Amino acid sequence: MNKDIIKLTNLVKDYNTLNKKIEVLKKINYSFDKGKFYAIKGHSGSGKSTLVKILGLMDNPTSGKYLLFNNEVSKLSDKLSSYYRMKHIGFIFQEYNLNPYLNAIENVIVPMLFNAEISKKERKEKAKELLKKVGLENRLTHFPSDLSGGEQQRVAIARSLANSPDILIADEPTGNLDKANEKIIFKLLKEMSNEGKCVIVVSHSDEVNLYSDICLELDNGKLKEVNHGK
Amino acid sequence: MENNIISNSIKTIKRNKSNWYIIAIITLLLTLSFLCITFRLNFDKYNEYLENRNIEFRTFYVYHENNSNEKSIQELKKVDHILEVYNPNYASRAIYSNINLHNLDGSLVIRYGTQNLVPISIEGKSIEDLDTNEMICPYNFYPDSSIYEFNIDKNKIIHKDESINLIVSLKLPIYNNDTNSKDKYNDITYYTRNFKIVGLYDNTINMNDNNECYIKAEDMIEIVNKSNTVTNQNEYTNLLVAVDKIQNIEAVREQLINLGYEVNEETRVYIDKNLINTVKIISNIIIIVVIISSFLILKNYIYKKIRNEKKYLGILRACGYTKNQIIICQSLELLTELIISFIISILTEIIVFIILKNYIFNKYTYIGLDISNNILYFIMFFSIIIVLSFLIDSIQIRKIINNSISYILNENLNKSEKKSNMNIIKKVGLFSIIFIITFILLCLINIILKK
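Residues numbered from 1 in each chain as written. Chains lettered and ligands numbered in written order. Predicted model: local features only at pLDDT ≥ 70, side-chain atom pairs only at ≥ 80, totals over all residues. Heavy atoms only, no water.

### Thoughts on the overall build of chain B
Here is step 1: Secondary structure summary: chain B contains 13 helices and 11 strands in total.
Here is step 2: In chain B, which comprises 451 residues, the share counted as buried stands at 50%.
Here is step 3: Of all intrachain contacts in chain B linking residues separated by at least 6 positions in sequence, the fraction that spans at least 24 positions is 81%.
Here is step 4: Of the roughly 22,300 Å² of accessible surface on chain B, a fraction of 56% belongs to carbon and sulfur atoms. (Helix = DSSP H or I, 4+ residues; strand = E, 2+ residues; numbered from the N terminus. Buried < 20%, exposed > 50% of the residue type's maximum accessible area, 1.4 Å probe, protein only. Contact = heavy atoms within 4.5 Å. Areas by Shrake-Rupley, 256 points an atom, 1.4 Å probe, with all protein chains shown as cover.)

Given below as structure tokens:
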């Protein structure tokens, strides 16, 4: 059975500045599988964030194909790309961006509000379950201001899992965290990949090598697998 | 609409202090404008009622140098739209009676009563069935000199069971008519006559005070003649003409001028139009200032709010919210804030209105000082604010969410921008409140000085 859930074919992303065109991604061909933990590395400005934003349907490629579950998704309408994001993709950012006026449970419920497949009753239960999964069962009604950075990022992870996505994309998820919290976050993401999700993490940290199955490097606009020296 | 979305909006409003500042400012502005609308409408209604219902506003003096009173009365009664013609000496008399129920001093006004001048009685006899020595009084009878003050004690009102069949003794002073007398004003005798209240009329229909009673025209003439103030009624050539409707006054005046009469340009009682216009202008300006201030305050508030929540909007987009769903969530929050302001304003308005109605304008309550009819105007006014807010809100949100999600998530709002947005809201709010209060005070001072 084909385990590919993401297939990129000749994916290109250009940015036009005043004087010239900058090619950030150059004809990328790659497939991402279920149940794998991918670490994407590369120097600053190499296009890692651009790549994951295209993967997360938050930006469109200039050219090339992006197949998500064999559906071409690179040029979708707002409504459809929103649907794909809600249904299949969970996103974790360096900044947690939690709603400061909602507690942990309420923040996790937010992505489920427009998901008709989850009933009102189920939402709260699911949010509790997810927070328990990320080790925050004692922080359910705490507000972001009462949580540490690591705890806030775990709430953000629980939020990204709210609609049971198949793909989890994390852009520098531990960029604002200390080593101890970094380990907790990567461990959690590893658990997600073990549960069958495709986890794609952009990180500068070497710690990610310990948890990733495949290490990718983005260099000069090209994506290639590298030995991560685990 | 999902309950969770609404409850999230309410929770966010409840937990975010800055929302309460904006609710407080909008509430204050709405309350002020609602009060203006209420007074504007009630003032209009009161004037309209007075002019249309009270015959004094449709009565004016006429004079014909060649006609006797008798001849003029006969001639004038034939003119279209003229209800009644009578000698002004017999129009009314303020008088003291022996009524001292509920500690009232018995001060009342007796009026010249004919079928055309008196509303149909709601209890007992009507004016056309009245016999001599009988009178018709208001069903909420209040014979006291305090009737001309703002407050009347409602507990002292004489209701129909007490007043009907009550014998009222009227005591009229008769002054010495000898102009050579040295002690003219101290040389007073009294003429006393008893009347029985046999009918009650609704004084709100013709906007009479609650102490004005009608007696037969013949009784009135006799009383006035006995009290010796008129020496020769037939030589007195000024007459009062009562017109059926206020809009017919000009037509009647023209006809009378054509018949050779000198016609007084003003009605016997009239409203100071300058005062009315001043009140109307004040109300209109305040309402316009409130709309403009609310627009500016909400515009800046929404701008600030959306800019501060920009990254969160990006997260919502990343979570799979469509643009419209984000607009729904954000607008719902704004709508909830405005509805809270509206409800508090309406409640404040009702409380202030009840206080004013019962403690300040107590005397005028019978003319129907009312708030219920104004609710529609409040809703219309509030709708303008809501539509404006939604327009600004959706434009601001769209400006942000039309960008790519990565752009929304990457752009940072600097601190000075946040600070300046907040300062604008505070300044506009403070300015408009100070402006409105100063404006009201200046107008009040102006009115007081004019008086």
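### Some words on the state of the cysteines
All names here are of chain B.
Here is step 1: Here the structure, examined in full by the defined rule, presents one disulfide over all chains.
Here is step 2: Disulfide pairing is shown between Cys-137 and Cys-213; the S-S distance is 2.2 Å. Disulfide Cys-137-Cys-213: torsion about the S-S bond near 115°, hence right-handed. Of this pair, Cys-137 sits in strand β6 (residues 134-138) while Cys-213 sits in strand β9 (residues 212-216); the two residues are 76 residues apart in sequence, bridging distant segments of the chain. Side by side, Cys-137 and Cys-213 carry an identical accessibility label, which is buried. (Disulfide = S-S within 2.5 Å.)

### Focus: the interface of chain A and chain B
Here is step 1: Taken together, the contact between chain A and chain B spans 28 residues of the former and 27 residues of the latter.
Here is step 2: Roughly 2,700 Å² is buried in total at the junction of chain A and chain B, and carbon and sulfur atoms are behind 57% of that figure.
Here is step 3: Per-residue buried area on chain A facing chain B is highest for Tyr101(A), Leu113(A) and Phe114(A); these three make up 26% of the total on that side.
Here is step 4: At the surface where chain A touches chain B, the tally comes to four salt bridges.
Here is step 5: Measuring nitrogen to oxygen at the nearest pair gives 3.2 Å for the salt bridge that ties Glu95(A) to Lys311(B).
Here is step 6: At the surface where chain A touches chain B, the tally comes to 11 residue pairs in polar contact (both at pLDDT 80 or more).
Here is step 7: Elements supplying a minimum of two residues to the side of chain A that touches chain B: α2 (78-88), α3 (104-109) and α4 (120-133) of chain A.
Here is step 8: Counting residues per element, the side of chain A that touches chain B draws most heavily on α2(A), at five residues.
Here is step 9: Classifying every residue of the side of chain A that touches chain B gives 13 nonpolar, five polar and 10 charged. (Buried area = accessible area lost by both parts, 1.4 Å probe. Salt bridge = Lys/Arg side-chain N within 4 Å of Asp/Glu carboxyl O. Polar contact = N/O pair within 3.5 Å; in protein donor to acceptor, adjacent residues only side chain to side chain. Nonpolar A, V, L, I, M, F, W, Y, C, P; charged D, E, K, R; others polar.)

### Let's talk about the side chain of Asn300(B)
Residues and elements named next belong to chain B.
Here is step 1: Following the sequence through the fold, Asn-300 ends up in helix α8 (residues 273-308).
Here is step 2: The exposure class of Asn-300 is buried, given its relative accessible area of 12%.
Here is step 3: At a separation of 2.8 Å, a polar atom in the side chain of Asn-300 contacts the main-chain carbonyl oxygen of Leu-296.

### Considerations on a nonpolar patch on the surface
Residues and elements named next belong to chain B.
Here is step 1: A contiguous nonpolar surface patch, about 600 Å² in accessible area, is contributed by Ile-339, Ile-343, Leu-347, Ile-351, Ile-355 and Tyr-359.
Here is step 2: The topology assignment puts Ile-339 in helix α10 (residues 323-360).
Here is step 3: Owing to a relative accessible area of 35%, Ile-339 belongs among the partly exposed residues under this scheme. (Patch = residues over 30% accessible without salt bridge, like charges linked within 9 Å, V, L, I, M, F, W, Y side chains within 5 Å.)

### Let's talk about helix α9 (residues 310-318) of chain B
All names here are of chain B.
Here is step 1: The element α9 is extensively covered by neighbouring structure, given that nine of its nine residues are classed as buried.
Here is step 2: For α9, the full list of buried residues reads Lys-310, Lys-311, Tyr-312, Leu-313, Gly-314, Ile-315, Leu-316, Arg-317 and Ala-318.
Here is step 3: Once α9 finishes, Gly-320 follows within two positions and takes phi at roughly 110°, a positive value.

### A look at the sheet that holds strand β10 (residues 238-243) of chain B
All names here are of chain B.
Here is step 1: Pairing in this open sheet of four strands is antiparallel, and the strands run β2-β10-β1-β11 from one edge to the other. Two strands lie at the open edges of the sheet, namely β2 (82-86) and β11 (262-263), each paired on one side alone.
Here is step 2: Across the sheet, helix α7 (residues 249-258) is in contact with β1 (59-63), β2, β10 and β11; its angle to β1 comes to roughly 5°. (Pairing = 2+ DSSP bridges. Axes fitted to C-alpha atoms, helices over the stretch in contact; angles between N-to-C directions.)

### Some words on the environment of Ile397(B)
All names here are of chain B.
Here is step 1: Along the chain, Ile-397 falls in helix α11 (residues 375-401).
Here is step 2: Overall, Ile-397 belongs to the buried group, its relative accessible area being 0%.
Here is step 3: Excluding its chain neighbours within four sequence positions, the residues that come into contact with Ile-397 are Ile-306, Ile-326, Ile-327 and Gln-330.

### Concerning the sheet that holds strand β5 (residues 71-72) of chain A
Residue and element names in this part refer to chain A.
Here is step 1: Reading across the sheet, the four strands line up as β2-β1-β4-β5 and stay open at both edges, with antiparallel pairing between neighbours. Across the chains shown, the open sheet's two edge strands, defined by having one partner strand only, are β2 (21-33) and β5.
Here is step 2: With two bridges connecting them, strand β4 (residues 63-68) and β5 associate as antiparallel partners. Residue Leu-67 lies in a different strand from β5, and its bridge partner there is Glu-72.
Here is step 3: Sitting on the sheet, helix α1 (residues 48-55) is in contact with β1 (4-16), β2 and β4, with an inclination near 125° to β1.

### Observations concerning the confidence of the model for chain A
Here is step 1: Chain-level statistics for chain A give a pLDDT mean of 88 and a share of 97% at 70 or above.
Here is step 2: By mean pLDDT, the top-scoring element of chain A is strand β8 (residues 198-202) of chain A (93), and the lowest-scoring one is β5(A) (87). (pLDDT = per-residue confidence, 0-100.)

### Observations concerning the pattern of salt bridges
Here is step 1: Throughout the structure, instances matching the rule amount to 25 salt bridges over all chains.
Here is step 2: Of the charged contacts, one joins Asp213(A) and Lys190(A) as a salt bridge, the two residues approaching to 2.8 Å between their closest N and O atoms. With Asp213(A) in the loop between α7 (207-211) and β9 (214-219) and Lys190(A) in helix α6 (residues 179-194), this residue pair connects regions lying 23 residues apart in the sequence.
Here is step 3: Between Lys77(B) and Glu84(B) there is a salt bridge, with the nearest N and O atoms lying 3.7 Å from each other.

### What about the packing of aromatic side chains?
Here is step 1: Using the criterion set out here, one finds 13 aromatic pairs over all chains in the structure.
Here is step 2: Between the aromatic rings of Phe186(A) and Tyr211(A), the centroid separation amounts to 6.0 Å while the plane-to-plane angle is 35°, which identifies the pairing as tilted. Of the two residues, Phe186(A) sits in helix α6 while Tyr211(A) sits in helix α7, which places them 25 residues apart along the sequence.
Here is step 3: Given the relative accessible area of 0%, Phe186(A) is considered buried.
Here is step 4: Between the aromatic rings of Tyr201(B) and Tyr214(B), the centroid separation amounts to 5.5 Å while the plane-to-plane angle is 70°, which identifies the pairing as edge-to-face. Highlighted residues: Tyr201(B) in strand β8 (residues 188-201) and Tyr214(B) in strand β9, separated in sequence by 13 residues. For the pair formed by Tyr201(B) and Tyr214(B), the shared burial category is buried. (Phe/Tyr/Trp six-rings, centres within 6.5 Å; stacked < 30°, edge-to-face > 60°.)

### Focus on the pairing of β4(A)
Residue and element names in this part refer to chain A.
Here is step 1: When β1 meets β4, the two strands line up antiparallel, connected through five bridges. Each bridged residue has a counterpart across the sheet, and for Val-12 the counterpart in β4 is Ser-63.
Here is step 2: Remark: two residues form the turn of the hairpin made by β4 and β5, two consecutive strands paired antiparallel; Phe-69 in that turn has positive phi of roughly 50°.

### Notes on the pairing of strand β6 (residues 89-92) of chain A
Residue and element names in this part refer to chain A.
Here is step 1: Burial of the side chains of β6 extends over both faces: Ile-89 and Phe-91 are buried on one face and Gly-90 and Ile-92 on the other.
Here is step 2: Two elements, β6 and strand β7 (residues 167-171), share four bridges in a ladder whose sense is parallel. Its bridge partner lying in β7, Ile-92 is registered against Ala-170.

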